[in-house]
Amino acid sequence: MDMRKTGMLNEDGIHIDMDHLKKGEVNADRELRIQERTAERPLGPTLPIESRISSLRSGSAADTQAVADIVQYNLEQFGVEYDMPPTTQTAAAMFQELCYHNKDRLSAGMIIAGYDPRHGGQVYSIPLGGSLHKQSYAIGGSGSTYIYGYCDANWREGMTEEEGVNFVKGALQEAIKWDGSSGGVIRMVVLTAKGAVRHLYLPDNGYTGPGTK
Amino acid sequence: MVRTGYDLSNSVFSPDGRNFQVEYATKAVENGGTAIGIRCKDGVVLAVEKIITSKLLKPGTNKRIATVDKHVGVVSSGLVPDGRHFVSRARDEASSWRRFIKSPIPTSIIASRLGSYVQMYTLYSSVRPFGVTTIIGGWDSEEELPVDGQVGSGPKMGAGGKDESLRSGGPGLYMIEPSGLYWGYYGAATGKGRQVAKGELEKLNLQNGTLSLLEGVKEAARIIYVAHDDSKDKDFELEMTWISGKDGPTKGRHEEVPAKLREEAEKAAKKALEGEDEEDDSSKGDKMEE
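The shown structure was predicted, so the numbers you read here are calculated from the model rather than taken from an experiment.

What follows deals with the overall build of chain B. Helix and strand counts for chain B come out as six helices and 10 strands. Since a compact globule built from 290 residues should have a radius of gyration of about 19 Å, the 21 Å found for chain B is in line with a globular shape. Each principal axis of the C-alpha distribution contributes one length, and for chain B these read about 70 × 50 × 40 Å. Taken across its 290 residues, chain B has 46% of its residues classed as buried. Partitioning the intrachain contacts of chain B with sequence separation of at least 6 by distance along the chain shows that 70% fall at a separation of at least 24. As displayed, chain B offers around 15,100 Å² of accessible surface, 51% of which is attributable to carbon and sulfur atoms.

Once that is clear, we can look at the UniProt feature "domain: Proteasome alpha-type subunits" (unreviewed entry) in chain B. UniProt's feature table lists "domain: Proteasome alpha-type subunits" (unreviewed entry) at residues 6-28 of chain B, given in the numbering used throughout. Counted over residues 6-28 of chain B, helix gives 39% and strand 0%. Its end C-alpha atoms are 19 Å apart.

The predicted coordinates should not be examined in detail at positions where pLDDT is low. Mean pLDDT for chain B: 91, with 94% of residues reaching 70 or above. In the model output, the complex is listed with pTM 0.84 alongside ipTM 0.81.

All names here are of chain B. If you trace the five strands from one edge of the open sheet to the other, you get 8-1-2-9-10, paired in antiparallel fashion. Of all strands in the sheet, those bounded by a partner on one side alone are strand 8 (187-190) and strand 10 (254-256). Ignoring strand direction, the axes of neighbouring strands in this sheet form an average angle of 15°. Relative to strand 8, strand 1 (residues 35-40) runs antiparallel, the two sharing four bridges. Note on strand 8: the bridge partner recorded for A35 is T190. The strands touched by helix 4 (residues 194-203) within the sheet are strand 1 and strand 8, with strand 8 carrying the most contacts at an inclination of about 165°. On top of the sheet, helix 5 (residues 213-227) reaches strand 1, strand 2 (43-51) and strand 9 (236-244); it is set at about 160° to strand 9, its chief contact.

Residue and element names in this part refer to chain B. In spatial order, the strands read 3-4-5-6-7; together these five strands make up an open sheet with antiparallel pairing. On the outer flanks of this sheet lie strand 3 (65-69) and strand 7 (182-184), each paired with one strand and no other. Averaged over all pairs of adjacent strands, the angle between their axes in this sheet comes to 20°, without regard to strand direction. Sheet topology places strand 6 (residues 170-176) next to strand 7; three bridges connect them, and they run antiparallel. The residue bridging Y174 from the neighbouring strand is G184, located in strand 7. Along the sheet, helix 2 (residues 80-101) contacts strand 3, strand 4 (72-78), strand 5 (132-140) and strand 6; its crossing angle with strand 3, the most-contacted strand, is approximately 15°.

Moving on, we get to the interface of chain B and chain A. Each partner contributes residues to the interface: chain B has 31 residues there, and chain A has 33 residues. Summed over both partners, the interface of chain B with chain A buries about 2,500 Å², with 56% contributed by carbon and sulfur atoms. Here chain B and chain A share two salt bridges between them. R113 of chain B is the partner of E81 of chain A in a salt bridge, and the nearest nitrogen-oxygen pair spans 3.2 Å. On the surface where chain B and chain A come into contact, there are 16 residue pairs in polar contact (both at pLDDT 80 or more). Among the secondary structure elements, those contributing two or more residues to the side of chain B that touches chain A are helix 2 and helix 3 (107-120) of chain B. Here the side of chain B that touches chain A gets four residues from one element, more than from any other, and that element is helix 2 of chain B. A class-by-class count of the residues in the side of chain B that touches chain A yields 11 nonpolar, 10 polar and 10 charged.

Calculation rules
- Residues numbered from 1 in each chain as written.
- Chains lettered and ligands numbered in written order.
- Predicted model: local features only at pLDDT ≥ 70, side-chain atom pairs only at ≥ 80, totals over all residues.
- Heavy atoms only, no water.
- Helix = DSSP H or I, 4+ residues; strand = E, 2+ residues; numbered from the N terminus.
- Rg over C-alpha atoms; globule rule 2.2 N^0.38 Å.
- Buried < 20%, exposed > 50% of the residue type's maximum accessible area, 1.4 Å probe, protein only.
- Contact = heavy atoms within 4.5 Å.
- Areas by Shrake-Rupley, 256 points an atom, 1.4 Å probe, with all protein chains shown as cover.
- UniProt positions renumbered as here; feature names shortened; annotations may be inferred.
- pLDDT = per-residue confidence, 0-100.
- Pairing = 2+ DSSP bridges.
- Axes fitted to C-alpha atoms, helices over the stretch in contact; angles between N-to-C directions.
- Buried area = accessible area lost by both parts, 1.4 Å probe.
- Salt bridge = Lys/Arg side-chain N within 4 Å of Asp/Glu carboxyl O.
- Polar contact = N/O pair within 3.5 Å; in protein donor to acceptor, adjacent residues only side chain to side chain.
- Nonpolar A, V, L, I, M, F, W, Y, C, P; charged D, E, K, R; others polar.

Shown next, in the form of structure tokens:
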């Protein structure tokens, strides 16, 4: 993470969310979302908004944390008031509302991914201007420019969870390699019907582990 | 009632635990035109008996059933201006939901919010309770809906990991009373003819979920006609709206029942009434004037 002269944090990583599992596989009863990014800090930029919804933040850490905190609070309220868990769409809508109406004050690029039983796994991207895009996978952050080609060439519909994890890991390794401001560990969260499973991959062993341990 | 003084202010309980202002509001409703709602298997019908208060009013105008959001309709019985204010609040609720959540408000949630709103008018001495009982009908999409304004649609094969056994959406029908009390109903009736209408609704066995929307329209028209007492009541106009699912005639929208269909239903309703009268005639032997 480098400091810009405005005091704002530069974009600090890559986010890839990818959609999902092939039907008919062993894992086919589940949807898979993977969000990944590189991070230097122990907490990393993946922020659980709700148990099976996550946001990935790029841009100003202060701005994006503030936005994510507000959405997290609103989603909690939603769950209590209406006695049902919010969907990924609800989270995406709340993020977009904030990002769009405060576009001139925020430097925030968000990716929202989540799983709910009705809609399966979904990925939404909210770039700088505050538009909302539903995508198969989304990448963002400074390192993402290096991996548009990689992702386009390697992403396939209906990947298994393992294939998904490898796709994400492969993409991030390229981003880390080429982007001066991306580096460190790879963090990932896999969101399925079973819940959120976090992964960690270290540069020390060529990003092979420790995985989910 | 004996004048005890406990009926003069809103929000004040009488020693035996009643709130008279709310009860008086309920009285105002009991004189309103009959309004009914029927929750069918594939949609909801709302119908109201609109009493013609003057021959100088243009037929087919001054609608009493309002659309609150694309998929939600509201009909009320009682004081018309109170009904209008209620509708305006309902529209505010629906649009604020759309602004915040960027999707259509579920029928159950708009009913709950409006129930709370009406209840607040029983709490303060500075306001009076609503002089209306309101029936809310809606259809929650059974389909997955995009977030309002979203671009793109994700992977071509759709999202994985869905629980296909989940059923969501469908028809919703709620009735809110001046006290703020609200329940979900299979069939709801309020206004002058509510007792007769409730009796007729019960005969439909709506809880079985077999009545179709088209049958519902016919029954709704018939029930409004049955509940209307020709000998005592003024002339009326029948106003009727419906909401179906995406495969039905209104494609998830709250719309007026087409004039042709409504007229057909009215014709059938009148015929059914005549049939009933004949039975009455033969059994009782006294003639009813039209």
